[in-house]
Amino acid sequence: MLNLDFHPSGRHFLQIPGPSPVPDRILRAMSLPTIDHRGPEFGALGRDLLAKVKRVFKTENPVIIYPASGTGAWEAALSNVLSPGDRVLMFETGHFATLWHKMALRLQLEPEFIGLPGYEGWRRGVQADMIEARLREDTEHKLKAVCVVHNETSTGVTSDIAAVRRAIDAAGHPALLLVDTISGLASADYRHDEWGVDVTISGSQKGLMLPPGISFNAVSDKAIQASRHNTMPKSFWAWDEILEANKNGYWPYTPSTNLLYGLNEALDMLLEEGLEQVLARHERWAAGVRAAVEAWGLEVQCQDPDVYSPVLTGVVMPEGVDADEVRKLIYERFDLSLGMGLGKAKGKMFRIGHLGDCNDLTLIATLGGCEAGMKLAGVPLSGSGVTAALDYFAQHPLAGSR
């Protein structure tokens, strides 16, 4: 029998940027008995959580929930508003933008993939001016959508989505705006309605603090209108039947009942704390971790301070140091999981997640494991990142804390 709880003592430190550690309160909610997904109790649950989830996306429009990972929500977004052969403008910010581009190709779309060149291009966010320039060239409006990643999980860059919206408007272009905030939602500031997003894609296993298995499409009126005329083959992903069933709190297929219990609990936790407070503590954690990286004398993967991610921090290893070997040592010696470098960043950096069931001491312990592991691996460090983070947290208490 496979042993999935092999840690000899203490708790495993899951500090990857998702799946994030799940709070006990959510795990307890998920352990409740499964109910009839056609019964009255379920309808009440569905109506309640469908109303609350809008507040997290900051939208008055529908939020469609799938029993799927974020990859499913990517496909749902593309397949509901586009037709085979449609041209799409996509911006390369990292590994997940690249995977979304690959999906567009497999769906027989014609994506244009623009971005800054090479590995260094993965160290900055979406360049709205490049999007505006390309849309101005598209005088026949052949480009039907612009697709960008809000928080690029592979690099620790949170792009300016409001700037992308302004770029589309400045070009006078009718393209739909599709945004992936799978890792950004409920950890980084996100405003579906205010930023004029047509389809927002997200998932359960990041800032929402749930296990993987739920994903989302928040949709605008313009996107719904587009979905009524597109010709992409779809059935499970189709919005129309889901939206109709959701009016009474149900789904047209069997939903992931116990994960929805957990989602309902997660929404309560976020709204009880207050979204602004939630975002502020993530920003504070990120700043403390970056203080540690600076004290170590290492580089943060993101090279633009204006778009530092509050969700994760990428730590670049010195030339000649294999980041994956450092990660492996840290995992084996300190029972600490860190995110690996993906795609162009493979072997160059590791990623520290600061989201989910987390607090100051969690991060201090995480940084301690990183620091000890790097010393054992022979990585030259300028100073103590643990001390720097402790000092930062002490000097910058979260508003409302004692």
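Our subject is the structure that appears above.
Residues numbered from 1 in each chain as written. Predicted model: local features only at pLDDT ≥ 70, side-chain atom pairs only at ≥ 80, totals over all residues. Heavy atoms only, no water.

(A) Quick peek at the sheet that holds strand S1 (residues 13-15). Ordered by their spatial adjacency, five strands build an open sheet running S1-S13-S14-S12-S11, and the pairing between neighbours is mixed. The open sheet terminates on both sides in strands that have one partner only, identified here as S1 and strand S11 (299-300). The pairing of strand S13 (residues 336-340) with strand S14 (residues 349-353) spans two bridges and is antiparallel. Paired with methionine 340 across the strands is phenylalanine 350, a residue of S14. Its contacts with the sheet place helix H10 (residues 275-296) against S11, strand S12 (312-316) and S14, and it is angled at close to 10° to S12. Across the sheet, helix H11 (residues 323-334) is in contact with S13 and S14; its angle to S13 comes to roughly 165°. (Pairing = 2+ DSSP bridges. Helix = DSSP H or I, 4+ residues; strand = E, 2+ residues; numbered from the N terminus. Contact = heavy atoms within 4.5 Å. Axes fitted to C-alpha atoms, helices over the stretch in contact; angles between N-to-C directions.)

(B) Focus on the sheet that holds strand S4 (residues 110-114). Within the open sheet, the seven strands sit side by side as S2-S10-S9-S8-S5-S3-S4. Their pairing is mixed. Among the strands making up the open sheet, the edge pair consists of strand S2 (63-66) and S4. When the angles between neighbouring strand axes are averaged without regard to direction, this sheet yields 20°. Alignment of strand S8 (residues 176-180) against strand S9 (residues 199-203), held across three bridges, turns out to be parallel. Counterpart to leucine 178 in the pairing with S9 is valine 199.

(C) How the structure looks around the packing of aromatic side chains. Counting across every chain of the model gives ten aromatic pairs. Between phenylalanine 42 and tyrosine 250 the ring centres are 6.3 Å apart and the planes differ by 25°, which places this aromatic pair in the stacked class. Of this pair, phenylalanine 42 sits in helix H2 (residues 40-57) while tyrosine 250 sits in the loop between helix H8 (239-246) and helix H9 (257-273), and the two are 208 residues apart along the sequence. By the burial criterion, phenylalanine 42 is buried, and tyrosine 250 matches it. Where phenylalanine 42 meets tryptophan 251, the ring centres are 6.1 Å apart and the plane angle is 75°; that geometry is what we call edge-to-face. In this pair, phenylalanine 42 sits in helix H2 while tryptophan 251 sits in the loop between H8 and H9, placing the two residues 209 residues apart along the sequence. The class for tryptophan 251 is buried, based on a relative accessible area of 2%. One cation-aromatic arrangement involves lysine 348 over tyrosine 119; the distance from NZ or CZ to the ring centre is 5.0 Å. (Phe/Tyr/Trp six-rings, centres within 6.5 Å; stacked < 30°, edge-to-face > 60°. Buried < 20%, exposed > 50% of the residue type's maximum accessible area, 1.4 Å probe, protein only. Lys NZ or Arg CZ within 6 Å of the ring centre and 35° of its normal.)

(D) Focus on empty space enclosed by the protein. A full pass over the atoms with the stated rule returns two cavities of 30 Å³ or more. Taken together, Val56, Lys58, Leu185, Ala186, Ala188, Tyr190, Leu275 and Leu279 make up the lining of the largest cavity. Residues of the lining of the largest cavity, tallied by class, amount to seven nonpolar, no polar and one charged. In this structure, the second largest cavity occupies an estimated 40 Å³ of space. With three residues, the top contributor of residues to the lining of the second largest cavity is S12. (1 Å grid on protein atoms, 1.4 Å probe; cavity = no way out; pocket = protein on both sides within 12 Å on 5 of 7 lines; lining within 4 Å. Points joined across faces, edges and corners; volume = space filled by probe spheres on them. Nonpolar A, V, L, I, M, F, W, Y, C, P; charged D, E, K, R; others polar.)

(E) Here's a closer look at the environment of serine 159. Residue position: serine 159 is located in the loop between strand S7 (157-158) and helix H6 (161-170). On the basis of relative accessible area, serine 159 is assigned to the buried category, the value being 5%. Here the alpha-carbon distance between serine 159 and histidine 12, two residues 147 residues apart in the chain, equals 31 Å.

(F) Expanded view of the side chain of glutamine 205. Inspection of the secondary structure puts glutamine 205 in the loop between S9 and strand S10 (215-219). Those residues in contact with glutamine 205 that sit more than four places away from it in its chain are Gly18, Pro19, Ser20, Ile182, Leu210, Pro211 and Pro212.

(G) How the structure looks around unusual backbone geometry. Omega for the bond connecting glycine 18 with proline 19 falls within 30 degrees of zero, at -5°, which places this linkage in the cis form. Within the secondary structure, proline 19 is located in the loop between S1 and helix H1 (24-30). Residue glutamine 108 is not a glycine yet carries a positive backbone phi of 65°. A positive phi angle is found at aspartate 335, which is not glycine, with a value near 55°. Take aspartate 335: it is sitting in the loop between H11 and S13.

(H) Structural context of the nonpolar core. Leu78, Trp100, Leu178, Leu208 and Leu263 are the most contacted members of the largest nonpolar core, which has 68 residues in total. With sequence-adjacent residues up to four places away left out, leucine 178 is seen in contact with Ala77, Leu78, Val81, Trp100, Ala145, Val146, Cys147, Val148 and Val199. With 29 residues, the next largest nonpolar core counts Ala292, Ala323, Met374 and Ala389 among its residues. (Core = buried A, V, L, I, M, F, W, Y, C linked by side-chain atoms within 4.5 Å.)

(I) Seen up close, the pairing of S12. Counting buried residues in S12 gives five out of five residues, a clear majority hidden from the surface. Both faces of S12 are covered, namely the face carrying Leu312, Gly314 and Val316 and the face carrying Thr313 and Val315. Bridge count for S11 against S12 is two bridges, and the pairing is antiparallel. Pairing of glutamate 299 across the sheet is with valine 316, part of S12. In the sheet, S12 pairs with S14 via five bridges, with the strands oriented antiparallel.

(J) Up close: H10. Taking 1.5 Å per residue as the helical rise, H10 with its 22 residues ought to reach 32 Å, and the 32 Å between its terminal C-alpha atoms agrees with that figure. Taken across its 22 residues, H10 has 16 buried, putting it largely inside the fold. One or two positions beyond H10, positive phi appears at glycine 297, with a value near 80°. (Expected span 1.5 Å × (residues − 1).)

(K) Highlighting the pattern of salt bridges. A full pass over the atoms with the stated rule returns 24 salt bridges. Residue glutamate 137 is joined to arginine 134 by a salt bridge in which the shortest nitrogen-to-oxygen separation is 3.6 Å. Residue glutamate 137 and its partner arginine 134 are located together in helix H5 (residues 128-137), separated by three residues, close to a single helical turn. Beyond isolated ion pairs, a larger network of salt bridges with shared partners links Lys58, Asp189, Arg191, Glu194 and Glu276. (Salt bridge = Lys/Arg side-chain N within 4 Å of Asp/Glu carboxyl O.)

So, to be careful, I would describe these as geometric facts and stop short of saying anything about function.
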